Amino acid sequence: MNKAKNFERQITIEQKLELLKLSGIDEVFGKNFIPENSKNLLKKLFEEFQNCQKCKLSKTRNNFVIGEGNSDAEIMFVGEGPGMQEDIQGKPFVGSAGKLLTKMLKAINLERESVYITNVVKCRPPQNRNPEADEISTCIPILYKQIEIIQPKIICALGKVAGNLLLKKDTTLGNMRGKFFQKENYKVFVTYHPSALLYHPQWKKPTWEDLQMLMNEYKKIS
Ligand code: SF4
C-alpha cells in the first residue's frame, strides 16, 4: 500500500474535518457546524413529534411526553404511557408512581438524571387505560428512534405492556421477570410497573430483588 493511502487510513474523522477546514471548505458544513450528538438528536425528535396527531390519543392529551434524562444513558426505563400528572407537566413519571420510581433508583444508587425514562406511548390514554394495539403500533417508531439515539446497554421494561413490546411477546409479566434477554445491541429486563406497587405493596419485595439483579448486571457491563 502506498504511503498516501496508509496516511489516509490512520487519520481520524476529526482530523479529516480539521484538514477540510484548513483547505478552506468549511462552508460545506456552515460556519457554525457542530457534529450531531445524542442530545441534539433527541431535541430534533421532540420537535418533529411534539404536535403529533397520528393516533386518537392526540385528541385527549394535554402534552406530548417524549421522556427525559441522560441522552447517553447506559440504562433506559420504559413504562406504559403518561398518567394524569405526566400529561399536565409534560414529563414522564412525575406522579406518585414516578416518585416511587425515583426512590427505587436511589435504592440501587442510580440518580434519576443519570438514566433515561420514557414510555411506550407518548400521550396519555384516557382514564389511564392500557394503550391499545393501534396506538402502540403508531407510536412505537418514536421509542425505537430514542433507543437508536441513546444506545443503552440495558432497557428495563416497567410492566407487562412495555415487556411484551420490547420482547415482541404476548405473555405474562411472570414469564418475563427476573431474566435478561439479549437483543441486538442491548439487554432487556422486565419488572413491575411502579404504579402496580402502589396497589400491591406485597410486590415490593420481588421488585427489590429484580432491582438488585439489574444493578449487578449494570456493574458488569459499565
Ligand atoms: S401517542 Fe404517539 S402516535 Fe399517538 S398522537 Fe401521541 S405521539 Fe402521536
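Undergrad: Would you take a moment to explain the overall build of the protein for this structure?
TA: Looking only at helices and strands, the protein has ten helices and six strands in total. Classification of the 222 residues of the protein by burial places 33% in the buried group. Across the protein, contacts joining residues at least 24 apart in sequence account for 72% of those joining residues at least 6 apart.

Undergrad: Can you walk me through the site of the ligand in this structure?
TA: In the neighbourhood of the ligand, 14 residues make up the surrounding shell, with Cys-52, Cys-55, Ser-58, Cys-123 and Cys-139 lying closest. The greatest single-element share of the shell around the ligand, amounting to three residues, is contributed by helix 6 (residues 133-150). Of the residues belonging to the shell around the ligand, the class tally is eight nonpolar, three polar and three charged.

Undergrad: Is there a simple way to explain the nonpolar core in this structure?
TA: Of all hydrophobic cores here, the largest spans 40 residues; its most connected members are Met-76, Val-78, Val-120, Ile-155, Cys-156 and Ala-157. Mapped onto this core, the elements with two or more residues apiece are strand 2 (75-79), helix 5 (96-107), strand 3 (116-119), helix 6, strand 4 (154-158), helix 7 (160-167), strand 6 (187-191) and helix 10 (204-221). The biggest single contributor to this core is helix 6, with six residues. Dropping the residues within four chain positions of it, Met-76 is found in contact with Val-115, Tyr-116, Thr-118, Ile-150, Pro-152 and Ile-155.

Undergrad: What's the story with the environment of Ser-137 in this structure? I'm lost.
TA: Here Ser-137 shows up in helix 6. Sequence-wise, Ser-137 and Val-120 are 17 residues apart; in three dimensions their C-alpha atoms are separated by 9.6 Å.

Undergrad: Would you explain the confidence of the model for the protein in this entry?
TA: Detailed reading of the predicted coordinates is not advisable wherever pLDDT is low. Counting all residues, the mean pLDDT for the protein is 89, and 84% of those residues have values of 70 or more. Contacts for the low-pLDDT stretch residues 1-9, under 50 throughout, to residues beyond four places or in other chains number one contact.

Undergrad: Looking at this structure, how should I read helix 5?
TA: Taking 1.5 Å of rise per residue, twelve residues should cover 16 Å, and helix 5 covers 17 Å from first to last C-alpha, within 8% of that figure. Here helix 5 has its buried residues at Ala-97, Gly-98, Leu-101 and Met-104. Taken down its axis, helix 5 places every buried residue within 115° of arc, on the same side. Exposed residues on helix 5 whose side chains face more than 90 degrees from its buried face are Lys-103 and Lys-106. Asn-109 lies just past helix 5 and shows a positive phi near 60°.

Undergrad: How should the pairing of strand 2 be read in this particular structure?
TA: Side-chain direction in a regular strand flips from residue to residue, so the side chains alternate between the two faces of the sheet. Of all five residues in strand 2, five are buried; the element is thus mostly enclosed. By the alternation rule, side chains of strand 2 split into Ile-75, Phe-77 and Gly-79 and Met-76 and Val-78, which are all buried. As defined by bridge partners, strand 2 adjoins strand 4 across four bridges and the pair is classed as parallel. Pairing of Val-78 across the sheet is with Ala-157, part of strand 4. When strand 2 meets strand 3, the two strands line up parallel, connected through four bridges. Opposite Met-76, over in strand 3, you have Tyr-116 as the bridge partner.

How each quantity is defined
- Residues numbered from 1 in each chain as written.
- Predicted model: local features only at pLDDT ≥ 70, side-chain atom pairs only at ≥ 80, totals over all residues.
- Helix = DSSP H or I, 4+ residues; strand = E, 2+ residues; numbered from the N terminus.
- Buried ≥ 20, exposed ≤ 12 C-beta atoms within 10 Å, placed from the backbone.
- Contact = placed C-beta atoms within 7 Å.
- Near = placed C-beta within 6 Å.
- Nonpolar A, V, L, I, M, F, W, Y, C, P; charged D, E, K, R; others polar.
- Core = buried A, V, L, I, M, F, W, Y, C linked by C-beta atoms within 7 Å.
- pLDDT = per-residue confidence, 0-100.
- Expected span 1.5 Å × (residues − 1).
- Arc of directions from axis to C-beta.
- Pairing = 2+ DSSP bridges.

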